[in-house]
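# Summary of structural features
Each chain, written out:
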Amino acid sequence: MEQIEIKSLYLTVLGNLDTSQIGRNSSLWDVLTLVTETVQELNISEIQKSNESAAKHRIAGNQLYQERKYAEALAYYTESIRLAEPESDQLGMGYANRSVIYYEQGEFELALYNIDLAKRNNYPVMLMPKLLDREFNCKQQIAAGRSKDTFPCLPMDIIVDTNPRIPFLADGIGMTYGSTYGRGMVAEKDFNPGDVILDEKIELCGVDLNLASEHCNHCSSRFNYSLIPCPTCPIFMYCSQECLEQNWKFYHRFECAVATKLLSASYLPSMVCPRLFFYGLTQFDDDLQAMMEYCEKEINVKFNPLDLDYTNLDRLEVFKALHNTKPIDMPEIEHVVKYTACAYYVVLLMNPAVSSIIRTETHRQFFLRTLLQYVRVTCSLTSYSSRSLINVGTISPVYSICNHSCDPNAITINDFGRTKLVILRPVRQGEQIFTSYTQTWWCPVYAGVRCCCNICDLEKASQGWRTKFNRDFSPEVQRQFEALKKDMDRADLNAVAKLNRLQQFIQRYAERYHPQKNFGMVLKGFSDLLDCAACNGNVALAKAQLRATYAEH
């Protein structure tokens, strides 16, 4: 596919810092000078929507369709939709072409959704009969039971009692505070493997350019390339009109005019940093002075998001909860932190929507200082999708108090705009609940930063932990473990049965054998199946909602 080519401000500046043109210990002002000069030298022009480019991608998609390369064609059609000028027939034809691919793939609900989008976006009248025939055929196929992904799924809902003020959080979850981790999530009663203790809507996200056609720019939802575009910039896409409008209100109005430059400045999902600033500004009704008066106070590190009433959500209080986060200390990436703050500062001030609010030198200094703080804060708060590694980052206020450990007792599942927290192994009253932001002891990856968990704390807790790791199962438990491995390979055993057997093994032996190398394999299998079950359930639910909207009328 023809890619949008963007000169990389990020690579240019970070390359200079890494090769010590200025140095890793550069002051913020040195980095700001380098970023400013580089932006001027690169002279990055904004990519504009173009019906000519949209038609070019659509025609390329048609050729791929003729070759029955449906996945590739779908990507081209989505790119055409992203580039099409608003209210043009190119937009309608892009949706119609996308519906053809979904029909061929047996995704009849998504086909109907795109047919409806085509009809509402100036699809040529002379081509309408063919589109209506496809609409009729989709409904016939659904009525005949030929839809994909209609299989029964394991419910991944909170089935324990919930908090009256936080209906998406299990009752019996509190916040603790300590010198090592800062704020943390603590169990006030016992929980068992498989218990869903949190199912929270994602409040902020950042999506890498390479996934911008696959993930909603507001809630991070994956929607099988069936997204709708920002009507102004040719970069970002959304899973719904509601997400598009809310995204504009919260922060995209400050991004849209400089979207290409922001992508040049970005690395992976770091856009959550400036978005936290503009999210706050929006909650202060664009009153920068009022925001300054609040934010320049000393942060309250014990600010508890669980004290808020989420049945009547006040997003200003949500912002305050996120603002009052004490970030983890990461001296090894301080040069990246400074670069990120400076890059967003320089680029965003090129947008009149921003410079009209941030007008004075005092405003600009506050903006830069706060961006620097929020890079650190968002590094501490951001959760990553297990399926996209670190290319999609999300933040939710309640989830934000759950700390990282390489030895987690819970798994995070980010999917379809929500963050689920599911217990992996028994958690007893008084224990802190940990998840993994990046790596686990059974699946280590290079995260770039050493954490303070009982594995990484080499001087203290890890010695006892590692001694336990090298134990063997008893002969009887080893026999059960071998039988469990065979069960996981059985094609005739469904996911629910496999999850139940893993859950029973963990419940029975966690206290005795955690941590242990083979027990880690069980935790990994349980974690992977939980993630898959949640994803399949979300897909099935989305299809059911589309059927109710389009196929049954």
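Here's a quick rundown of the structure. (Residues numbered from 1 in each chain as written. Predicted model: local features only at pLDDT ≥ 70, side-chain atom pairs only at ≥ 80, totals over all residues. Heavy atoms only, no water.)

Glancing now at the layout of surface pockets. The volume enclosed by the second largest pocket comes to roughly 830 Å³. Lining of the second largest pocket is provided by 33 residues; of these, F416, N538, L541, A542 and Q545 occupy positions nearest its centre. Listed by contribution, the elements that provide at least two residues to the lining of the second largest pocket are β5 (196–201), α8 (241–250), β12 (410–415), β13 (418–423) and α19 (517–551). Looking at the lining of the second largest pocket, the element that brings in the most residues is α19, giving 10 residues. Class assignment of the residues belonging to the lining of the second largest pocket gives a composition of 17 nonpolar, 8 polar and 8 charged. (1 Å grid on protein atoms, 1.4 Å probe; cavity = no way out; pocket = protein on both sides within 12 Å on 5 of 7 lines; lining within 4 Å. Points joined across faces, edges and corners; volume = space filled by probe spheres on them. Helix = DSSP H or I, 4+ residues; strand = E, 2+ residues; numbered from the N terminus. Nonpolar A, V, L, I, M, F, W, Y, C, P; charged D, E, K, R; others polar.)

Next up on the list: the nonpolar core. Grouped together as the largest cluster of nonpolar side chains are 136 residues, with contacts concentrated most on F277, F367 and I433. Counting residues per element, this core draws most heavily on helix α13 (residues 334–348), at 11 residues. Setting aside residues no more than four positions away along its own chain, F367 makes contact with F277, F278, Y345, L348, L349, V354 and I358. Membership of the second largest hydrophobic core comes to 32 residues, among which are F519, V522, L530 and A533. (Core = buried A, V, L, I, M, F, W, Y, C linked by side-chain atoms within 4.5 Å. Buried < 20%, exposed > 50% of the residue type's maximum accessible area, 1.4 Å probe, protein only. Contact = heavy atoms within 4.5 Å.)

Okay, the environment of G61 next. Structurally, G61 is set in helix α3 (residues 51–66). Classification of G61 by relative accessible area gives buried; the value is 0%. As a C-alpha pair, G61 and I423 span 362 residues in sequence and 44 Å in three-dimensional space. Leave out the neighbours within four places in its chain, and G61 touches A73, Y76 and Y77.

Between helix α4 (residues 70–83) and helix α5 (residues 89–104), whose axes approach to 9 Å, the crossing angle comes to 160°. Taken together, α4 and α5 sit at an angle that is classed as roughly antiparallel. For the element pair α4 and α5, the recorded crossing hand is left-handed. Each of Y70, A73, L74, Y77, T78 and I81 in α4 lies in contact with α5, whose residues at this interface are L91, G94, Y95, N97, R98, I101, Y102 and E104. For the contact of α4 with α5, the class distribution of residues is 9 nonpolar, 3 polar and 2 charged. (Axes fitted to C-alpha atoms, helices over the stretch in contact; angles between N-to-C directions. Parallel < 35°, antiparallel > 145°, perpendicular 65-115°, else oblique. Left-handed = near helix turned anticlockwise from the far one by under 90°.)

On their own, these measurements won't tell you what the molecule is for.
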